[in-house]
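Overview (structure and organization)
Letter by letter, the chains look like this.
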Amino acid sequence: QVQLVESGGGLVQAGGSLRLSCAASGRTFSSYAMHWFRQAPGKERELVAAISGAGGMTYYANSVKGRFTISRDNAKNTVYLQMNSLKPEDTAVYYCNAGLTLTTQGVYWGQGTQVTVSS
């Protein structure tokens with residue numbers, strides 16, 4: 001069982017930055033690939049970024065490449081999403097997810113954190 005708690009969301013102007021954090025419980029954090037998904041109103045949930053258990057492999061959606069950076073600290077059981085050059089279309093609820101493969105969602109989800117980017 002893995003429990004995930006996101007933090008760091010908020011309201012920011014276009015062009016600004018935010019850093020999301022996801023703290024995980026349990027002793028097997030490094031065995032999980034970690035994902036950040038987002039869901040905007042009226043849209044399907046989409047995979048934004050992912051990182052392998054040891055941190056050596058990453059994935060980014062085309063819409064965020066070059067602007068977002070995913071990282072993890074296995075000693076702290078935490079995964080991060082640094083979001084720069086934010087755009088209004090980045091507005092969504094961002095969810096942390098733990099799974100077994102890099103680009104497939106797992107069964108463990110956080111509660112989500114709202115990110116709102118104003119124009």
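Since this is a predicted model, take the numbers as computed values, not measurements.

Attention now goes to the overall build of the protein. In terms of helices and strands, the protein carries 0 helices and 11 strands. Along the protein, from the amino end to the carboxyl end, the secondary structure elements read β-β-β-β-β-β-β-β-β-β-β. Its C-alpha atoms give the protein a radius of gyration of 13 Å, within 12% of the compact-globule value 14 Å for 119 residues. Each principal axis of the C-alpha atoms in the protein carries an extent, and together these give about 40 × 25 × 25 Å. Sorting the 119 residues of the protein into buried and exposed places 46% on the buried side. Look at the contacts in the protein between residues 6 or more apart in sequence, and 56% of them connect residues 24 or more apart. Across the protein, the mean location of the 10 positive side-chain charges is 6 Å away from that of the 6 negative side-chain charges.

Before going further, it helps to examine the pattern of salt bridges. Where charged atoms from two side chains of opposite charge approach closely, those side chains can pair. Tallied over the full model, the rule gives 3 salt bridges. Here E46 and R38 are joined by a salt bridge, their closest N and O atoms 2.7 Å apart. What makes E46 partly exposed here is its relative accessible area of 33%. Residue R38 is classed as buried on the basis of its relative accessible area of 6%.

Before going further, it helps to spend a moment on the pairing of strand β3 (residues 18–24). Across the 7 residues of β3, 5 count as buried, placing the element largely inside the fold. Across 4 bridges, strand β1 (residues 4–7) lies against β3 in antiparallel orientation. Within the sheet, the bridge partner assigned to L4 lies in β3 and is A24.

Moving on, we come to the nonpolar core. Among the nonpolar cores identified, the biggest contains 31 residues, and L4, M34, W36, V79, L81, M83 and Y94 are the most heavily contacted of them. For this core, the elements supplying multiple residues, two or more each, are β3, β4 (33–39), β5 (46–51), β7 (68–73), β8 (78–83), β9 (92–99) and β11 (113–118). If near-sequence neighbours (up to four positions away) are discounted, V79 is found in contact with L20, S21, C22, F29, M34, W36, I51, I70, S71, R72 and C96.

When a strand is regular, its side chains alternate between the sheet's two faces. Side chains T113, V115 and V117 of β11 all project onto a buried face; the interleaved residues Q114, T116 and S118 project onto a face where none is buried. Pairing of strand β2 (residues 10–13) with β11, which is carried by 4 bridges, proceeds in the parallel orientation. Opposite V12, over in β11, you have V117 as the bridge partner. Pairing of β9 with β11 involves 3 bridges; the strand directions are antiparallel. From the neighbouring strand, V93 faces β11, where its bridge partner is Q114.

In this section: the packing of aromatic side chains. Here the structure, examined in full by the defined rule, presents 3 aromatic pairs. Where Y32 meets Y108, the ring centres are 5.9 Å apart and the plane angle is 90°; that geometry is what we call edge-to-face. One end of the pair, Y32, is in the loop between β3 and β4; the other, Y108, is in strand β10 (residues 108–109), with 76 residues separating them in the sequence. This pair shows no difference in class: Y32 is buried, exactly as Y108 is. On the numbers, 5.0 Å between centres and 55° between planes, the contact of F37 with W109 is tilted. Here W109 lies in strand β10 and F37 lies in strand β4, a separation of 72 residues in the sequence. Classification of W109 by relative accessible area gives partly exposed; the value is 28%. Taken together, the aromatic side chains of F37, Y95 and W109 make up a single cluster linked through ring pairs. Lying across the ring of Y95, R45 places its NZ or CZ 4.0 Å from the centre.

Basis of the calculations
- Residues numbered from 1 in each chain as written.
- Predicted model: local features only at pLDDT ≥ 70, side-chain atom pairs only at ≥ 80, totals over all residues.
- Heavy atoms only, no water.
- Helix = DSSP H or I, 4+ residues; strand = E, 2+ residues; numbered from the N terminus.
- Rg over C-alpha atoms; globule rule 2.2 N^0.38 Å.
- Buried < 20%, exposed > 50% of the residue type's maximum accessible area, 1.4 Å probe, protein only.
- Contact = heavy atoms within 4.5 Å.
- Lys, Arg positive; Asp, Glu negative; His and termini not counted.
- Charge placed at Lys NZ, Arg CZ, Asp CG, Glu CD.
- Salt bridge = Lys/Arg side-chain N within 4 Å of Asp/Glu carboxyl O.
- Pairing = 2+ DSSP bridges.
- Core = buried A, V, L, I, M, F, W, Y, C linked by side-chain atoms within 4.5 Å.
- Phe/Tyr/Trp six-rings, centres within 6.5 Å; stacked < 30°, edge-to-face > 60°.
- Lys NZ or Arg CZ within 6 Å of the ring centre and 35° of its normal.

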